[in-house]
Structure formats: structure tokens, C-alpha cells
Amino acid sequence: MVKVITYGTYDLLHYGHIRLLERAKALGDYLIVGVTADGFDQTRGKINVHQSLMERIEAVKATGLADEIIVEEYEGQKIDDIIKYDVDIFTVGDDWQGKFDYLNEYCKVVYLERTEGISSSEIRSKEREISLGLIGESQVLNKIINESKFVNGIKISGIYALNTKRINQENLDSYKLYSSYDELLNNSDAIYIISRPKYHYEQIKKALLNNKHVMCEAPISTSKEETEELFALAKERGLILFTAIKTAYSTAYNRLKVLVKSGKIGKVISVDATCTSLESRIDENTWSSFLEWGPTALLPIFQLLGTDYLSKSIISHIENDRDKFTKIDFRYETSVASLKVANGAKSEGDLVITGTKGYIYVPAPWWKMDYFEVRYENQSSNQRYFYQLDGEGIRYELVAFAKAIETKKNTACIIDLVSSEIANLVNDFIKQKDVKLI
Ligand code: C2G
């Protein structure tokens, strides 16, 4: 029996895929198809895959061409599979010509002619593109423009900014600069807001009332009530309202959460996060340390321990009525948490999750997470995890936003409750509630 193996993402299965599978099948008597896992695709830069792994497996199964279907999870798995399944022929489309010659050491390698004129990415981009309007004054806006180029289905409709001093000239030349927010709204399907936090509520509300989807840099607003009102309004109108904290959309961070929730380090006793950067990412006179870094530092605390802490204490160092350094300690029923944020001081920007069986250490800058370690008393049991993170993770949050708009399912990685509690803390901070000064 001649066994053949081939691999692919098989997203939005089309006749190009089917023709490949038919010819692969014809090479032998038994065809194994390796369908790529979501995480593996993301690691190898395929971030726009629309269908889940199960949907893609089902589609390949429905062709009736595969005698066996396996999942491709990691780089180098092909060699393991060829040996494990005693494969005679590896085949793949000739868009990969030469890339798999190394497999000749294990089996025959056959490149089959690719079917011209059709591809999953063409199908994806033919679907209605979301025109995304940008509002705000921060240089992060330049990153969003750059990252949007990697996302099928999103195109930037233009920019509205109170001042453009932090927007690259190249972007000002390439994208329409609208003279009003109304004009931006009229020319967009969705809005990405990265303006001063005190404007967020009005800007989000106006976008939702104009039936636009919204992604907004945390905090969504500076009060819990306003945040809850906005999420309710979005829900009522069938719109997507996403909180943008890019860490939440990175593969590594989501794998870390799964490991913690699965009990990998036992019960979590403490979560300690530090974020500092002396050069303020965002305009010096708009954001304080806590407004700039608080939502990011709060994310793992609220997502791993919840938002029902029993008490908190805030200590800040303030200069020219901007906090240059803020430390917050939380007490929960059976755990504690702390955060240190500063744009007027420098510290080790790591994240440590303390558990009863071990702990997770994420080195600085933990918020651009691509690597973390699970550490135990017996160091030989330590485990290291690495997940590709391109462009600081902003493209992944844009992909999640586009997918949510398309599927009308709010798959936000940051649940509304967390967004509301972040806003609540921001409110306490602004009102200096539970705050002591140093
Ligand atoms: N294909 C084709 N004609 C097309 C599109 C795709 O013959 N118009 C072939 C590809 O060459 C590949 C298979 O169909 O052999 C699946 O294509 P994709 O789902 O795009 O997956 P890809 O990332 O190309 O898979 O490690 C090998 C890769 O996983 C190959």
C-alpha cells in the first residue's frame, strides 16, 4: 500500500484545494491529510484564517478524499509524521517548490501544480472589506496603520485628529485626514479610538449611535456606569465594542491563561505586574502613568483573579498633577495582587504569577508577550513556552475585531466586566479615592 501525506490550512475550502487532494490521492492508495492547528498557522504568520480547526477538518473530511486526517501543530512535525505513519510520498502544491526537498531523506517528495486563479486569501479579501476610521493623537496610531496592512478584510478609511504632531508624515500623505469626527464616521464602518481617555465616552457613544463598530484603547471610559452603558448600547444595536489592550490578543498570553486555569501552578496566590517606560508612548500632557499603563497591568490581575477584590490601596507619586509612579495593592478572599506602573520611573517590567505548586515568570516587556516560563521547586521540571508575536500583537487584535464584526459574535478577549472594573479603578484614581501620595 502506497501511503501519501499532504498538509495545509484548508481555510474556506475551494476547488484549488480539492484538485490538490484528488491528485495527491491518485499518487498512492492511502491519503493522510495534515490540517494546520490555529496556533501553528499564527506562528507561521497566517493570521487571517477564518475557519476554526474543526470547521477546516470537517470540510476536508466531507470531500471523502482523505483516508486519515491529522493535525499539524508544530514546525518539524512532518518528519515525525512521515516516520510514524510510514509514508512513501509527501506532496504539496508547487507554490512550495523546493521548500520541502529536505524530506527526500525520508520519503519521495512530489510538488503538484497549483490551481491558478483561486486562493483562500482572495476569497477572504473579496468579502466586504471593513473600512476602519482612526481617531486620536497618539503615535500608536501609526502602528495601527502599519499593522492593518497584515489583516485581510480591513482597510483604513482615514484619520481624524485634534493635532497631527505624532502622526508620521508618510501616513498623513497616504490617508485622508478628515476635518471632523462626523466626516470620519460617515466614511467608515468601524472606528478605532486612541484619543485622550476623557473623550472616549462621547466618541464611542457617537459612533454607536451612528451604527459603527468600535475598538477603543482601554479605558473604554473613566467610569464604570458609562462603560456599562456603552456595552449595553452596543449590544442593543448589534454592534461590536472591543477594548483594545494588545496583550489580550497575543497567543502567548492566551496560552498562559489556559495553563493557569488548568491548574498548572496550583492555586494562584498572587499576581504581580510591572509596566514602566520613561519615554511616554502617548502625549506627555494627556496621559498619566496609570492611565497609560494601568489597564494593561490590570488585565492579568482581573482575568486571573477576577474583579471582586475585597480592598485596594493606591500609592502615587505626582508631579505637575500627573502621576509619575503608581503602586496598587489588592486583597482578594484567598489571594493578593499588585501592580506598579510608571512613566516617570524605571523598573523591571515583568509579570509573576505565584501558585501553590509553582509560578509563571514572564520577562520584561511582559505586555509584548512571546515567551514565558513555568517554574517549579525542582528546576528540572521547568517549562519554557515561546509563541511568535509579530508587530507587538496589534495585528491579532485587529484580526479579532474584524472577525467579530463579520461573525457578529463578540469574541472579545476582554470581557465587559473586566473593562468596566478597569474604568471603575480609573475613576477612583482620577477622584483620588483610596489614594495616598508619596
Ligand atoms: N493549493 C492549490 N491551489 C490553490 C490553493 C492551494 O493547489 N489555488 C494547494 C496548496 O499548494 C497546498 C494545499 O492546496 O498544497 C493547501 O493550501 P493552503 O490551505 O493554502 O495551505 P498551505 O499553507 O499552502 O499548506 O506546510 C505546508 C503548508 O501547510 C501547505
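Just so you know, these numbers come straight off a predicted model, no measurement behind them. (Residues numbered from 1 in each chain as written. Predicted model: local features only at pLDDT ≥ 70, side-chain atom pairs only at ≥ 80, totals over all residues. Heavy atoms only, no water.)

*Asks:* Explanation requested: the site of the ligand in the structure shown.
*Replies:* Around the ligand lies a shell of 19 residues, among which Tyr10, Lys78, Asp95, Thr115 and Ile118 are the nearest. Contact between the ligand and Thr9: an oxygen atom at 3.2 Å from a main-chain N or O atom of the residue. Between the ligand and Asp95, the relevant distance is 2.7 Å, taken from an oxygen atom to a side-chain nitrogen or oxygen of the residue. Relative to its free-state accessible area of 610 Å², the ligand is covered by the protein chains to the extent of 95%. Every element with two or more residues in the shell around the ligand is listed here: β1 (3-8), α1 (15-26) and β4 (89-93). Here the shell around the ligand gets 3 residues from one element, more than from any other, and that element is α1. A breakdown of the residues in the shell around the ligand according to their chemical character gives 7 nonpolar, 7 polar and 5 charged. (Near = heavy atom within 4 Å. Polar contact = N/O pair within 3.5 Å; in protein donor to acceptor, adjacent residues only side chain to side chain. Areas by Shrake-Rupley, 256 points an atom, 1.4 Å probe, with all protein chains shown as cover. Helix = DSSP H or I, 4+ residues; strand = E, 2+ residues; numbered from the N terminus. Nonpolar A, V, L, I, M, F, W, Y, C, P; charged D, E, K, R; others polar.)

*Asks:* I tried to follow the sheet that holds strand β3 (residues 68-72) on my own but got confused; where do I start?
*Replies:* Read from one edge to the other, the open sheet built from 5 strands follows the order β3-β2-β1-β4-β5, with strand pairing classed as parallel. Where the open sheet ends on each side, the last strands, each with one partner, are β3 and β5 (108-112). Averaged over all adjacent pairs, the angle separating strand axes in this sheet is 25 degrees, with direction ignored. Where β4 meets β5, 5 bridges bridge the pair, whose relative direction is parallel. Directly across from Val92, in β5, lies its bridge partner Tyr111. Contacting β2 (30-36) and β3, helix α3 (residues 53-62) runs over the sheet at an angle of about 160 degrees to β2. Along the sheet, helix α4 (residues 77-84) contacts β1, β3 and β4; its crossing angle with β1, the most-contacted strand, is approximately 160 degrees. (Pairing = 2+ DSSP bridges. Axes fitted to C-alpha atoms, helices over the stretch in contact; angles between N-to-C directions. Contact = heavy atoms within 4.5 Å.)

*Asks:* Looking at this model, I keep getting lost on the sheet that holds strand β18 (residues 383-386). Mind explaining?
*Replies:* Adjacent strands of a sheet pair through backbone hydrogen bonds, lying either parallel or antiparallel. Ordered by their spatial adjacency, 9 strands build an open sheet running β18-β17-β16-β15-β11-β14-β13-β12-β19, and the pairing between neighbours is mixed. Every other strand in the sheet has two partners, leaving β18 and β19 (435-437) as the edge strands with one partner each. Taking each pair of neighbouring strands and ignoring which way they run, the sheet shows an average axis angle of 15 degrees. Of the pairings in the sheet, the one linking strand β13 (residues 322-331) to strand β14 (residues 336-342) comprises 7 bridges and is antiparallel in character. The residue bridging Thr326 from the neighbouring strand is Val341, located in β14. Helix-sheet contacts for helix α11 (residues 251-261) involve β11 (268-276), β15 (351-355), β16 (359-362), β17 (371-375) and β18, and the interaxial angle to β17 is about 20 degrees. With respect to the sheet, helix α14 (residues 416-430) is in contact with β12 (311-319), β13 and β19, its orientation differing from that of β12 by roughly 50 degrees.

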